[in-house]
Every structure is written in structure tokens, then in C-alpha cells.
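Understanding the architecture of this molecule
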Amino acid sequence: MRRLRACLGAAAAVTLAAAGTTALVAGSASGATNALDNRWYAAAPYLMPTDNDPPNAAAIMDATGLKAFQLAFVLAPNGGGCSPTWGGTSPVSSDTAVQSVINTIRSKGGDVSISIGGYGGTKLGQTCADPAATAAAYQQVITKYGLHAIDFDLEEPEYENTAAIHNEIGAAKILQQNNPGLYVSVTTAGTADGTGWFGKQMLLEAKSQGFTPNNFSIMPFDGGFNGAASQTSALAAFNGVLRSTFGWDEATAYAHEGFSGMNGRSDTGEYFSQADFQTVLDFATGHHMDRFTFWSLNRDRQCSPADNGGRTSGTCSSVAQNAWDFAKFSVKFAGATPPGSTPTPTPTPTPPNPGNSCKAAWSSSAVYVAGDEASYNHHNWKAKWWTQNETPNGSDWGPWQDEGSC
């Protein structure tokens with residue numbers, strides 16, 4: 001999941017030129033402010049504050065009415081150890097750059113949650129000795145920034161490590177107990193049947209430890225998804241997983257369920273438009289789900305004409321959009337009305353190449369051999385070798401070669 005982060009998250013930190021604003025609470029070293037309503041933390045989109053050409057948070061707030069941001073990612077030091085860093089390189093203890101961003105957001109009446117983990121890098125659950133030590137590392141983050149919310153983004157390769165997941169879930173439970181009112185979300189991979197084997201094992205670990213966060217969120221992208229219908233189907237399936245794991249009824253399961261999407265073109269070439277987000281938003285609010293978020297605000301702007309919508313970027317969406325179109329869905333989920341809402345252009349996932357017609361649609365049941373062609377997600381694909389039921393996604397090691405848009 002979120003393969004794009006693994007390569008782009010390692011980029012050199014960008015120097016932040018945030019204004020020298022002050023915290024709302026005088027005399028607080030952490031810059032803590034009064035907590036927002038939980039609905040805002042549940043709606044907070046992801047923002048990388050030091051990588052992927054960080055957008056101006058204040059400008060997004062002015063344009064959309066957004067109040068909460070999910071800052072990513074806190075990791076273990078690249079050289080090892082049990083102390084929190086931003087991206088594995090910048091110690092939280094000495095941070096001023098992210099603190100400046102947080103102060104700017106809080107000076108405008110907003111707040112942040114901080115996400116730990118993500119795809120790639122070394123997680124604290126892997127390097128700390130036990131749940132207590134892991135929790136102590138995260139408590140440094142909570143104390144430093146005066147947090148009212150935290151997100152545990154548990155995905156590969158960490159969620160394949162039983163000991164690491166035991167540490168992370170145990171730490172989440174300790175933090176929840178030691179910080180009354182702390183909003184805790186747990187985010188993991190999404191699949192057609194809700195979540196995969198490792199995601200289900202993570203839920204069982206939470207059950208065994210007696211831990212219940214505000215929500216368990218899945219990321220229904222990068223797994224052969226095709227628009228909103230496949231995502232809402234996965235959310236419904238995940239509801240069944242939560243019911244069977246914890247013994248909840250349907251309504252209770254939805255009240256502890258969240259959606260974490262990817263706006264525009266995903267890492268594997270799926271496309272999720274504004275219309276898809278609206279459909280999932282309607283599903284989430286209609287079923288009284290607890291969370292609706294997306295990856296990421298860094299990508300919530302249109303690519304330059306040179307990009308031509310044909311690649312996945314960490315700094316733009318590869319679909320036709322106005323700046324911050326997707327953030328406005330978060331505002332709606334929180335229960336607010338985005339200011340100055342204007343019609344958005346009709347999403348065009350991939351501009352067709354003149355004269356390049358689409359081949360017969362790819363079928364999961366068909367057998368393809370080297371040289372066979374098929375179309376999927378407005379692209380033509382050529383089989384590299386014998387394959388069946390392997391979704392075309394452009395992976396270098398996969399069986400399909402992308403022949404371009406059609």
C-alpha cells in the first residue's frame with residue numbers, strides 16, 4: 001500500500017517558510033490548543049509537512065474551511081533506536097519545522113493529528129523492546145505537540161511482523177489510557193474482502209489486548225480497485241470482518257469503521273475522481289462511519305500539462321481538478337460547508353491518445369499469454385507471459401506492460 005511514499009518520503013526535507021505564529025495557549029511549550037470536535041480529527045486528510053512540495057496549510061484552510069490535518073510520518077531513526085523522528089531522519093525532540101506548521105494551523109483555529117508508520121521506513125514498533133517502550137516513544141510526540149489525536153498507520157512491512165504489531169497495539173492502548181480523550185485511529189490495508197490476512201491478524205491482536213480505538217480504517221486502493229463501487233463494497237465487507245472479530249452489530253461496526261482513500265491516480269494506476277469521493281462520502285455518512293480521510297493534501301492539485309495525467313505523483317493528482325477539490329469532501333464529512341464552492345471540471349482520468357483505440361476489456365477469468373493485449377482503466381496492456389486473474393497495474397515485476405492510454 002502507498003508505494004509512492006516509500007520513494008518520495010525519502011526525499012530531502014524541504015525547508016519550511018511558515019510564518020512565525022504563536023500558539024493559542026500562552027506559555028505552552030507544546031503549542032497545545034483546545035481540542036476540536038472528534039469529527040474534525042476523523043476528517044483530517046494526510047499532509048507531509050517536510051516532503052512532497054508541502055502546500056501552505058493556511059491557504060488550504062482559507063480556501064476550503066478545513067480545520068484538521070493528519071501530519072505524516074513519525075518513524076524510528078534510520079540508524080535504529082527507540083526515539084521518534086520525522087521520516088527516520090529528523091528527531092522530534094529538536095524539531096522546529098513541523099512545530100511551526102502546527103502553530104500556524106492552530107493560530108487559525110485548527111489542529112492536527114500525527115500519523116505514525118506508513119509504507120516504508122522502520123517503525124518504532126519494530127525497534128522498541130515492548131509496548132511500554134513503544135508507548136513512551138509516542139508519548140514524547142504527544143507531549144511535544146500537545147496532541148489530541150494520533151493515527152497508527154499499520155501496513156507492510158511492519159504489519160507482517162507479529163512482535164511489532166503487538167508493540168504498536170499495546171502502545172496504542174497505553175496511550176489511550178494515559179491520555180484521556182485522545183482520538184486514536186488505526187489505519188491498514190484494504191482489499192476486496194475488507195482487509196487482508198495481516199490486517200485480520202492485527203484486529204485479532206487488538207481483540208486479545210482488549211483495545212478498541214475510535215476506528216479501524218482501511219485503504220481501499222492499490223489492490224485492483226476500480227472506482228467508488230469497488231471501494232464501498234470493500235467497506236461493507238470490512239464491516240463484516242469487524243462484526244465477526246469483535247461481536248459487534250452492524251451499526252456498532254460502522255461506528256468504529258473508517259475510510260482512507262487516495263485522490264486521483266493511485267500507485268498502481270487506479271483512478272479515483274471527485275465523483276468517486278462523493279459516492280464514498282455518501283456511503284460513509286449514510287452508514288454513520290467514524291472516519292473519512294485521504295492521501296494526500298500534497299497531491300490535491302492538478303498536475304502541469306507536461307504530466308498529462310499519465311503518472312502517479314506525490315505532488316499532484318493526475319486528474320482534472322481545481323486546487324483542494326478533494327479536501328472539500330473532508331470538510332463536508334466534518335459537517336461544515338466549504339466556502340466558495342464552485343463546479344469542478346469533469347474528471348478525465350487519462351487524456352486519450354489520438355488513434356489509440358481500446359482493446360477488448362481485461363477479464364479476470366481469461367487466460368493471457370505473451371503478446372496478448374487487453375484494456376483496463378483506460379489503458380491498453382500487453383501480457384509479458386502467461387497470466388490469469390492478475391490485474392494490470394504497470395508494476396515492473398508484474399505480468400503486464402502498459403502501452404499507454406486509449
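Described below are features of the structure shown in this document. Just so it is clear, the model here is predicted, and its values are computed rather than measured. (Residues numbered from 1 in each chain as written. Predicted model: local features only at pLDDT ≥ 70, side-chain atom pairs only at ≥ 80, totals over all residues. Heavy atoms only, no water.)

Remarks on the state of the cysteines
A full pass over the atoms with the stated rule returns three disulfides. A disulfide bridge connects C303 with C316, and the sulfur atoms are separated by 2.1 Å. Here the disulfide of C303 and C316 is right-handed, its torsion about the S-S bond being about 90 degrees. Linking C303 in the loop between β12 (291-295) and α12 (327-334) with C316 in the loop between β12 and α12, this pair joins segments that are 13 residues apart in sequence. Looking at C303, the relative accessible area reads 11%, which means it is buried. Looking at the chain, its bonded cysteines, counted consecutively from the start of the sequence, adopt the pairing 1-2, 3-4, 5-6. (Disulfide = S-S within 2.5 Å. Helix = DSSP H or I, 4+ residues; strand = E, 2+ residues; numbered from the N terminus. Buried < 20%, exposed > 50% of the residue type's maximum accessible area, 1.4 Å probe, protein only.)

Overview of helix α8 (residues 197-209)
With 13 residues, α8 should cover 18 Å at 1.5 Å per step; its first-to-last C-alpha distance of 19 Å lies within 8% of that length. Within the sequence span of α8, burial applies to G199, M202, L203, E205, A206 and Q209. Around the axis of α8, the buried residues are gathered within 155 degrees of arc, so they sit on the same side. Across from the buried face of α8, at angles greater than 90 degrees, the exposed residues are W197 and S208. Buried residues in α8 make contact with α7 (162-178), β7 (183-189), β8 (215-219) and α9 (228-246). A positive phi of about 70 degrees marks G210, the residue just after α8. (Expected span 1.5 Å × (residues − 1). Arc of directions from axis to C-beta. Contact = heavy atoms within 4.5 Å.)

Some details on the pairing of strand β15 (residues 379-383)
Most of β15 is tucked away: four of the five residues are buried. Sheet topology note: the strand β14 (residues 373-376)/β15 ladder contains four bridges and is antiparallel. Paired with S375 across the two strands is N380, which belongs to β15. Between β14 and the antiparallel strand that follows it, β15, lie two residues; N377 among them carries a positive phi value of about 55 degrees. Taken together, the four bridges between β15 and strand β17 (residues 400-405) define a ladder with antiparallel strand orientation. Its bridge partner being in β17, A383 is matched across the sheet by W400. (Pairing = 2+ DSSP bridges.)

Overview of the sheet that holds β17
The strand order across the open sheet built from three strands is β14-β15-β17, with neighbouring strands paired in antiparallel fashion. Where the open sheet ends on each side, the last strands, each with one partner, are β14 and β17. Looking at each pair of strands side by side, their axes are set apart by 30 degrees on average, direction ignored. (Axes fitted to C-alpha atoms, helices over the stretch in contact; angles between N-to-C directions.)

A short note on the pattern of salt bridges
A full pass over the atoms with the stated rule returns seven salt bridges. With its nearest N and O atoms 3.7 Å apart, the salt bridge here joins E373 to K359. In this pair, E373 is assigned in strand β14 and K359 in the loop between α12 and β13 (367-368), connecting sequence segments 14 residues apart. Owing to a relative accessible area of 37%, K359 belongs among the partly exposed residues under this scheme. Ionic pairing is found between E403 and K382, a salt bridge with its closest N-O pair at 3.7 Å. With E403 in strand β17 and K382 in strand β15, this pair connects stretches of sequence that are 21 residues apart. The partly exposed category is assigned to E403, whose relative accessible area is 29%. According to the relative accessible area criterion, K382 is partly exposed, its value standing at 31%. (Salt bridge = Lys/Arg side-chain N within 4 Å of Asp/Glu carboxyl O.)

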